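Commentary on secondary and tertiary structure
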Amino acid sequence: MKTFSAKGHEVRRDWFVVDATDKVLGHIAVEVSKRLRGKHKPEFTPHVDTGDYIVVVNVEKLRVTGAKESDKKYFRHSGYPGGIFETNFKKLQARHPDRVLKLAVKGMLPKGRLGYAMIKKLKIYAGPDHPHVAQQPRPFPWSEGRLKGGE
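Here goes a summary of the coordinates provided.

Conventions and cut-offs
- Residues numbered from 1 in each chain as written.
- Predicted model: local features only at pLDDT ≥ 70, side-chain atom pairs only at ≥ 80, totals over all residues.
- Heavy atoms only, no water.
- Buried < 20%, exposed > 50% of the residue type's maximum accessible area, 1.4 Å probe, protein only.
- Helix = DSSP H or I, 4+ residues; strand = E, 2+ residues; numbered from the N terminus.
- Arc of directions from axis to C-beta.
- Contact = heavy atoms within 4.5 Å.
- Salt bridge = Lys/Arg side-chain N within 4 Å of Asp/Glu carboxyl O.

For the rest of this paragraph, the subject is helix α4 (residues 97–106). Considered for burial, the residues of α4 that qualify are P97, V100, L101 and V105. The buried residues of α4 occupy an angular sector of 120 degrees when the element is viewed end-on, so they sit on one face. Residues of α4 that are buried in the fold lie against α1 (25–37), β2 (53–57), β3 (73–77), α3 (89–95), α5 (113–119) and β5 (122–124).

Listed below in structure tokens is the structure:
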């Protein structure tokens, strides 16, 4: 039996919507990154983007466990000597609620052209509304029971 290898133009991509209200950052990032990569599909091929489109709403209501709200650090650099900027989860969540989830998911995807193509299929919105109604996104099918109804 020959090994099946998916072609990029033959992949069927679905749209899913995730409500991030009271969900833990790491738990939702793992599930979203699996769907973006396409690992849930039987035709998964490591070098082909086989993932689905994911729309995440209510990201401002995302939470972290323990003391990570004040202890978790995010860094960025301007490119100039001494140009490092540091912020914590609470400040970044207040200023750019979408960036927290995007950084968490981006770290779980492959690096390079393939990963950049996958992260473009992640659409993140702070509020409950999104402009992707025409794509008819379905509710996200959680693989773990503990995430289904919140914790």
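The final tally for this structure, using the stated rule, is 8 salt bridges. Where K121 meets D49, a salt bridge forms, and the shortest distance between an N and an O atom there is 2.4 Å. With K121 in the loop between α5 and β5 and D49 in the loop between α1 and β2, this residue pair connects regions lying 72 residues apart in the sequence. The two residues K121 and D49 agree in class, both being buried. One salt-bridge network, in which partners are shared between bridges, spans R12, D14 and R138.

Everything listed here is a matter of coordinates, which is why it stays silent on function.
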